[in-house]
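Architecture at a glance
One letter stands for each residue in the lines below.
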Amino acid sequence: RGITDEIMKKFIIGYDKDREAVAFFWLDAKTGKVAAIKFRSIKSKQFYYLDGGQPVRNHIFGLYQVIQGSHKEVFIVESEIDALYLWSIGVPAIALGGSNFSEKQKQLLLLSGIETIVIATDNDKAGYRIKMQLIRELGGHFNLKQLYLPYYAKDVNDLGAAELLNYVEHAEEY
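Since we're looking at a predicted model, the values are computed, not measured.

Calculation rules
Residues numbered from 1 in each chain as written. Predicted model: local features only at pLDDT ≥ 70, side-chain atom pairs only at ≥ 80, totals over all residues. Heavy atoms only, no water. Helix = DSSP H or I, 4+ residues; strand = E, 2+ residues; numbered from the N terminus. Rg over C-alpha atoms; globule rule 2.2 N^0.38 Å. Contact = heavy atoms within 4.5 Å. Areas by Shrake-Rupley, 256 points an atom, 1.4 Å probe, with all protein chains shown as cover. Core = buried A, V, L, I, M, F, W, Y, C linked by side-chain atoms within 4.5 Å. Buried < 20%, exposed > 50% of the residue type's maximum accessible area, 1.4 Å probe, protein only. Polar contact = N/O pair within 3.5 Å; in protein donor to acceptor, adjacent residues only side chain to side chain. Pairing = 2+ DSSP bridges. Salt bridge = Lys/Arg side-chain N within 4 Å of Asp/Glu carboxyl O.

Below, the discussion takes up the overall build of the protein. Counting its secondary structure elements, the protein contains six helices and nine strands. A globule of 174 residues ought to have a C-alpha radius of gyration of about 16 Å, and the protein, at 15 Å, matches this closely. Taken along its principal axes, the extent of the C-alpha atoms in the protein is 45 × 35 × 30 Å. In the protein, once contacts between residues fewer than 6 apart in sequence are set aside, the share between residues at least 24 apart is 58%. By element, 49% of the accessible surface of the protein is carried by carbon and sulfur atoms, the whole surface being about 9000 Å².

Here it is as structure tokens:
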């Protein structure tokens, strides 16, 4: 999916042979400790979690790395894969883990030191819904920009690196 080995190491991405699934380690934004492990089947789009983890709605994937790198502008996407792909082309990104945005996630962003958020949600109804929620809830707290995807792309991972970088450079102020 265009994710580099360096980024997979940085974000502790693993593979579980028994489950035939990719493992995404969600880290606590303050401590960097593992808060949850989310799996995605390689045979379907099925997601599931390791028992005993915290709800991902209380965390933001990649926020620990953003804070550690003191990044002031970040892209916000729905899926971990989209965030990892953006990082692989040199663009700091965070993921909500789906098409919902919780109050706890909002509070984490407000305390993060981020100044500009580029909304890069999926090009579908759920993506539009979450984009509008992000605009309502984050407007006035952050400089907001929007990444416009071409009609044929469902999400950022549907574009080649060079094409995506062109769209990244032309993200518009909201």
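Let us keep going from here.
A positive phi is found at Ile 12, a non-glycine position, where the angle reads about 55°. Take Ile 12: it is sitting in the loop between α1 (5-10) and β1 (14-16). Positive phi outside glycine occurs at Ser 70, with the angle close to 55°. Its place among the elements puts Ser 70 in the loop between α2 (63-68) and β5 (73-77).

Okay, the nonpolar core next. Of all hydrophobic cores here, the largest spans 50 residues; its most connected members are Phe 61, Leu 63, Phe 75, Leu 86, Leu 109, Ile 117 and Leu 164. For this core, the element with the most residues is helix α3 (residues 80-88), which contributes six residues. Once residues within four sequence positions are removed from consideration, Phe 61 is found in contact with Phe 11, Ile 13, Phe 24, Phe 25, Trp 26, Glu 80, Ala 83, Leu 84, Ala 93, Ile 94 and Ala 95.

A few words on the environment of Ile 37. With respect to the secondary-structure elements, Ile 37 resides in strand β3 (residues 34-41). In the structure, Ile 37 is positioned 73 residues away from Leu 110 in sequence and 24 Å away in space, judged by C-alpha atoms. Ile 37 has contacts with Ala 23, Phe 24, Phe 25, Tyr 48, Tyr 49 and Leu 50, leaving out every residue within four places of it along the chain.

Before going further, it helps to examine the environment of Asp 155. Tracing the sequence through the fold places Asp 155 in the loop between β8 (143-146) and α6 (161-169). A residue is classified by how much of its surface remains accessible, and Asp 155, at 10% relative accessible area, is buried. Considering only alpha carbons, one finds Asp 155 and Ile 37, 118 residues apart in sequence, at a separation of 23 Å. Only 3.0 Å separates the side chain of Asp 155 from the backbone nitrogen of Asn 157, close enough to count as a polar contact.

To continue, consider the pairing of β8. Two strands pair when backbone bridges link them, and strand β7 (residues 116-119) and β8 are joined in this way by four bridges, in the parallel orientation. Paired with Ile 117 across the strands is Leu 144, a residue of β8. Direction of pairing for β8 relative to strand β9 (residues 172-173): antiparallel, over a ladder of two bridges. Each residue of the ladder has a partner; that of Lys 145, found in β9, is Glu 173.

Time to look at the pattern of salt bridges. Summed over the entire model, instances satisfying the criterion amount to six salt bridges. Residue Asp 16 pairs with Arg 19 through a salt bridge whose shortest N-O separation is 3.3 Å. According to the relative accessible area criterion, Arg 19 is partly exposed, its value standing at 39%. The salt bridge partner of Lys 154 is Asp 124, with a shortest N-O separation of 3.7 Å. Highlighted residues: Lys 154 in the loop between β8 and α6 and Asp 124 in the loop between β7 and α5 (125-138), separated in sequence by 30 residues.

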